[in-house]
Amino acid sequence: MSYVGSRVRRLEDPRLLTGAGRFADDQDRPGQLWMRVVRSQVAHATLGAVDTSGALALDGIRAVLTAADVILPPIPVRVSPDPSDLLAYLQPVLAQGRVRYVGEPVAVVVADDPYQAEDGADLVAIDYAELAPVRDARAACGAGAPQLFHRLPNEVAVVTASFGDVAAAFRDAAHVVELDVVIGRQTAVPIEPRSLLAEWDEAGQSLDVWGATKVPHFNRRVIAEVLGIPPAQVRMHWCDAGGGFGVRGELYPEDILVAYLARLLGRPVKWTEDRAEHLVAVNHSRDQAHRIAGAFDSSGRLLAIRDEIWHDNGAYIRTHGLTVPELTTWR
Amino acid sequence: MTDAHSIRITVNGTEHELAVEPRRTLADVLRHDLAYTGTHLGCEHGICGACTVLVDGLPARSCLMFGVQADGRSVETVEALGTPEELGPLQQAFTDHHGLQCGFCTPGFLMLITAFLRETPSPTDEEIREVVASNLCRCTGYQGILRAVRAAADDGAGS
């Protein structure tokens, strides 16, 4: 055990120190196109017309697609089991009829270079009929709250856990203290923005993907299902990653889009997130309101805790499903 | 490309002549036109410093410079400092003192500090802290970087 307490040399340092690493955006493929995602500017709206003609008229634009142009399954839940009653709350790859958060992908523009793609994205005109946003999970469960989904309650699920005789402890308590506390929403800002590159091989009916680093097996399975090919025909290439912090590598709409577009267009497709985009595009989590009560005996000893929690899962159930509320109630 | 300008840039001693759009950033020219992918883009608005290169010896955010502004100039990137087989002294100090973790911000730090130590070969700890605060590291933290710069300066990396 000579390594215990000693400083171990990292094998990756020489390449990372000399610019010889391979981060996702470091590879370009011959004939590669660049994707830009057009994102919702509003928190909640019914989508009217999406006019792509301005973008299509620009030089170098190879495709502009909205939900009307593609039939793709929604982003599935990764953590097992995948509860079927969450299906209606999953996020479509491109918004269908309604947008539910700022940053939600509405359209994609694919061009010969990233500057052209960004120009094109600026010219996609979206008609929004704005609806009241849902900003607070507790209020969202109350009567009269704006509803995010047609004929579905905002309260997606109720998770209950308990141990011990809590009711008895509260009944016999000398003191009960009740208070409301909130836990702020959090996300992560790794220094490297996300980036994905997909290349379709028509002869081999296979796909190469660079940049999906955290859960490659799950992402490969979903991409294979979307493309209708065996998982063995999707090769997920390892890359260096500029920090993960939980948000990088989940299956996001962009993972599906680059794969789908690479086959549709017959050319490699790359998407590299910019920083402002990252702040609205990756998962946010852990926004909770707690109404918590403690039962104490006459000497101030804690006998029991009761907690009612409203967990804000954002606009959709994404890949991590109900993991966070389930972990919150874990005994 | 409708409005390309012909430019001539020397990168790490090698001269390159190429046609670029006026709006193309120096970072994109280096990374995607000339394949110097050691220069990284973390924010594209001059905050994080991952894209720092030396232009005529001075540190510059290559995301905030256009490629055409580098016409006729000499650029140094991280690839000039050493190779995986033979690290330069500052690179060696970084690995010795755990000055990197994911390594994405590292090239920017190395270029910034290279220019700093040329200008200030015997810095105080306070001066090192001041300069290192110019760039963002999200995962290692700065203590290892400070120790690495101290060690590199004490070993004469800047002279």
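Residues numbered from 1 in each chain as written. Chains lettered and ligands numbered in written order. Predicted model: local features only at pLDDT ≥ 70, side-chain atom pairs only at ≥ 80, totals over all residues.

In this section: the overall build of chain B. Across its full length, chain B carries five helices and five strands. For 159 residues, the compact-globule estimate of 2.2 N^0.38 gives 15 Å, and chain B sits close to it at 16 Å. Overall, chain B is about 50 × 30 × 30 Å in size when its C-alpha atoms are taken along their principal axes. Relative to its full complement of 159 residues, chain B shows a buried share of 50%. Relative to all contacts within chain B whose residues are 6 or more apart in sequence, the contacts with residues 24 or more apart total 60%. (Helix = DSSP H or I, 4+ residues; strand = E, 2+ residues; numbered from the N terminus. Rg over C-alpha atoms; globule rule 2.2 N^0.38 Å. Buried ≥ 20, exposed ≤ 12 C-beta atoms within 10 Å, placed from the backbone. Contact = placed C-beta atoms within 7 Å.)

All names here are of chain B. When cut into domains, chain B gives domain 1 (5-80) and domain 2 (89-154). Taken over C-alpha atoms, the centre of domain 1 sits 21 Å from the centre of domain 2. In this assembly, 17 residues from domain 1 lie in contact with 12 residues from domain 2. Counting residues per element, the side of domain 1 that touches domain 2 draws most heavily on strand S3 (residues 52-55), which supplies three residues. Across the side of domain 1 that touches domain 2, the residue classes break down as nine nonpolar, seven polar and one charged. (Domains from an automatic or database assignment. Nonpolar A, V, L, I, M, F, W, Y, C, P; charged D, E, K, R; others polar.)

This part is about the sheet that holds strand S7 (residues 175-183) of chain A. All names here are of chain A. Taken in spatial order, the three strands make up an open sheet running S7-S12-S13, and their pairing is antiparallel. Two strands lie at the open edges of the sheet, namely S7 and strand S13 (302-312), each paired on one side alone. The sheet shows a mean angle of 15 degrees between the axes of neighbouring strands, taken without regard to direction. One ladder, built from nine bridges, connects S7 with strand S12 (residues 287-296); its direction is antiparallel. Note that in S12 the partner of Asp-180 across the bridge is Arg-291. (Pairing = 2+ DSSP bridges. Axes fitted to C-alpha atoms, helices over the stretch in contact; angles between N-to-C directions.)

Moving on, we come to helix H6 (residues 216-227) of chain A. Residues and elements named next belong to chain A. The terminal C-alpha atoms of H6 lie 16 Å apart, and with 12 residues this matches the ideal 16 Å at 1.5 Å per residue to within 8%. Among all positions of H6, only Asn-219, Arg-220, Val-222 and Ile-223 are buried. Turning to H6, the residues buried within the fold contact strand S9 (206-210), strand S10 (234-237) and helix H7 (253-265). A positive phi of about 70 degrees marks Gly-228, the residue just after H6. (Expected span 1.5 Å × (residues − 1).)

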